[in-house]
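Geometric and topological summary
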Amino acid sequence: MPSSLVFPPGFRFGTSTSAFQIEGATDADGRGVSIWDVFAAEPGRVLGGDSPAVGIDHYHRYAEDVALLAQLGVQDYRFSFAWPRILPTGRGTVEKRGLDFYDRLIDALLTAGINPVPTLYHWDLPLALQEAGGWMARETAEAFADYASLLGEHFADRVTDWLTLNEMSVHTLYGHGLSEHAPGLGLELAALPAAHYQLLAHGLAVQRLRAAGAQRIGVANQHFPVIPASDDDADLIAAHVFADLTNWTFADPILRGVYPSDEIAGGILQLTGVSPEQLAADLRVISEPLDVYGVNYYEPTRIGAPQADRDSSGVLEVDIPEGLPFAAVPIEGVERTDFGWSIVPSGLGDILRQLRERYPELPPIIITENGASFSDGPGADGRVRDERRIRFLDAHLRALSDEMAAGANVVGYYVWSILDNFEWAAGFSERFGLVHVDLDTLARTPKDSYYWYRDLIEAQNPARSV
Ligand code: IFM
């Protein structure tokens, strides 16, 4: 199915990954232990007991993977640095072999004509920092600032585009509020300090990266429209509170220097013990101007007030604990991915519109993640016919194109992901890649969606085709 989509000149196509999900080699070359190594090794945490220790071995196969990116024709490749590979205990002694790996990767990308877009943090906190309080402690934000300086000073001569943290909301909700992800704290609303200290880490990193000469800096936030379960006041209020906690707690401080409600600001004051003056000073740091704003979009969420007969199955992938003021309600009448996520391309336009309306000073946006889990594998002829992924991507790119025509300033779009990889608590059971990975041999096989995306990119700019 060739695509007739046309994007403006200079629009950047890319793909995204993260270190822990693809690198493997978790004990190679002096890498320290991360919270995800420990969490994944605990029985029952990861579906099927899948281990990320070898993963898909990108650490050793990066050259092959860069060649796949080059043949795809992407302008940008978003990946993340593994903090424990570079600073095994989170601060102090630098592991040169960790920096060497990213030197090799970045140099290979640049040689292939691909712009490297690193994220500094994608959930793999060094265990030593967790043991000292993790994201519930201010010191972790300070350690992150030093880590950002180190990376900026080492790489800013070759790397122009930087993203600070990935999906602080998901890391806060699933890893700190709930126990589905590392570090598995299950603190419910008492997890709010993890939001504040990640946001502070973001702001400090922006300052440090700028000082080191970084040219374009952004953040990758997950966003989704929140659909009220009905027009009843109770459902409208529940949806509003949920949107505040998940979307706006992580965007308002960055884009307008405030928390979205007095209740949330008050909760942060109370739970962190910082003074109102210190909070105001932190918010000034957090709202350092950005050059781009990254939006990860997968699906909308439907939320209502808790009721005895409401069941959240299949919507957020987790049950919202009882006692919280909202419940997830299934979205009816939509197709779903193999992960059970609802397929609603118009939700991408909706969230872009909400961002535009909410933030008059919104920087240019990059869709830093969009994609779907479909389990298609090679047929008898070796070809991977993943038509559903092609339909998904085509529909989302059309929604994006329509919203850009309506005024959204979007400058790039990255597919999650180039390769099938370790999908956190779902292990290797969910496959998001444009490239199939055989989990026994680790052989890479481009799927039909890879060729479809390659052709779409080439059609935008035939001169660049490889
Ligand atoms: O795999 C994750 C990624 O780490 C963060 N964003 C969502 C993806 C799919 O669940």
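Structure first, text after, so check above.
Predicted model only: the values in this text are computed from it and were never measured.

1. Topic: the site of the ligand
Around the ligand sit Gln21, His122, Trp123, Asn166, Glu167, Tyr298, Trp341, Glu369, Trp416, Glu423, Trp424 and Phe432, and those are all the residues in its vicinity. Trp424 is positioned with one of its side-chain polar atoms (N or O) 2.8 Å from an oxygen atom of the ligand. When isolated, the ligand has an accessible area of 280 Å², and the protein chains bury 96% of it. Considered class by class, the residues forming the shell around the ligand number 6 nonpolar, 3 polar and 3 charged.

2. Points about helix 9 (residues 192-211)
Relative to the 28 Å expected for 20 residues at 1.5 Å per residue, helix 9 spans 29 Å between its end C-alpha atoms, a close match to the ideal helical length. Helix 9 sits mainly inside the fold: 16 of its 20 residues count as buried. Positive phi shows up at Gly213, right after helix 9, with a value of about 100 degrees.

3. Let's talk about the sheet that holds strand 8 (residues 301-304)
Read from one edge of the open sheet, 3 strands run 6-8-9, paired in mixed fashion. Looking at which strands have only one partner, the edges of the open sheet turn out to be strand 6 (226-228) and strand 9 (327-328). For strand 6 and strand 8, the ladder comprises 3 bridges, and the chain directions are parallel. By the bridge assignment, Val226 is partnered in strand 8 with Thr301.

4. Brief notes about the pattern of salt bridges
Summed over all chains, the structure comprises 31 salt bridges. Note that Asp76 and Arg12 form a salt bridge whose closest N and O atoms lie 2.7 Å from each other. On the criterion of sequence distance, the pair formed by Asp76 in strand 2 (residues 76-80) and Arg12 in strand 1 (residues 12-16) is long-range, its members being 64 residues apart. By relative accessible area, Asp76 is classed as buried at 1%. For the salt bridge of Asp107 with Arg158, the shortest nitrogen-to-oxygen distance reads 3.1 Å. Residue Asp107 is found in helix 5 (residues 96-111), and its partner Arg158 is found in the loop between helix 7 (138-155) and strand 4 (161-166); the two are separated by 51 residues along the sequence. Residue classification places Asp107 among the partly exposed positions, given a relative accessible area of 35%. Judged by relative accessible area, which is 22%, Arg158 ranks as partly exposed.

5. Observations regarding the sheet that holds strand 5 (residues 216-222)
Paired through backbone hydrogen bonds, the strands of a sheet run either parallel or antiparallel to each other. Strand order in the closed barrel formed by 8 strands is 1-2-3-4-5-7-10-11, and the pairing between neighbours is parallel. Averaged over neighbouring strand pairs, the angle between their axes works out to 25 degrees when direction is ignored. As defined by bridge partners, strand 2 adjoins strand 3 (residues 115-121) across 5 bridges and the pair is classed as parallel. Within strand 3, the residue paired with Asp76 across the bridge is Asn115. The sheet strands contacting helix 8 (residues 168-177) are strand 3, strand 4 and strand 5, and the helix crosses strand 5 at an angle near 40 degrees. Taken strand by strand, helix 9 contacts strand 3, strand 4 and strand 5, and its axis lies near 165 degrees from that of strand 4.

Calculation criteria
- Within each chain, residue numbers correspond to sequence positions counted from 1 in written order.
- The predicted origin of the model limits local features to residues at a pLDDT of at least 70 and limits the giving and counting of side-chain atom pairs to 80 or more, whereas totals for whole chains, interfaces and linings rest on all residues.
- Hydrogens are left out, water is left out, and the side-chain values use all remaining heavy atoms of the structure.
- Throughout this document, a residue counts as near a molecule or strand when at least one of its heavy atoms sits within 4 Å of that molecule or strand.
- A 3.5 Å cut-off defines polar contacts: any pair of N or O atoms within that distance qualifies, except that in protein one atom must be a possible hydrogen donor and the other a possible acceptor, and neighbouring residues in sequence count only when both atoms are side-chain atoms.
- For every accessible area listed, the method is Shrake-Rupley and the probe measures 1.4 Å; residues are considered covered only by the protein chains on display.
- Three residue categories are used. Nonpolar comprises Ala, Val, Leu, Ile, Met, Phe, Trp, Tyr, Cys and Pro, charged comprises Asp, Glu, Lys and Arg, and polar comprises the others, including Gly.
- Helix and strand labels come from DSSP, where a helix needs a run of H or I of at least four residues and a strand needs a run of E of at least two; each type is numbered from the N terminus.
- For a helix, the expected span equals 1.5 Å multiplied by the number of residues minus one.
- Using a 1.4 Å probe on the protein chains alone, a residue whose accessible area is under 20% of its type maximum counts as buried, one over 50% counts as exposed, and one in between counts as partly exposed.
- Note: two strands are recorded as paired if DSSP finds a minimum of 2 bridges between them.
- Definition used for salt bridges: Asp or Glu carboxyl oxygen within 4 Å of a side-chain nitrogen of Lys or Arg.
- Between N-to-C directions, angles span 0 to 180 degrees; the directions come from axes that are lines fitted to C-alpha atoms, helices contributing only their stretch in contact.
- In what follows, residue pairs with any heavy atoms lying within 4.5 Å of each other are defined as contacts.

Bear in mind that shape data such as this cannot, by itself, settle questions of function.
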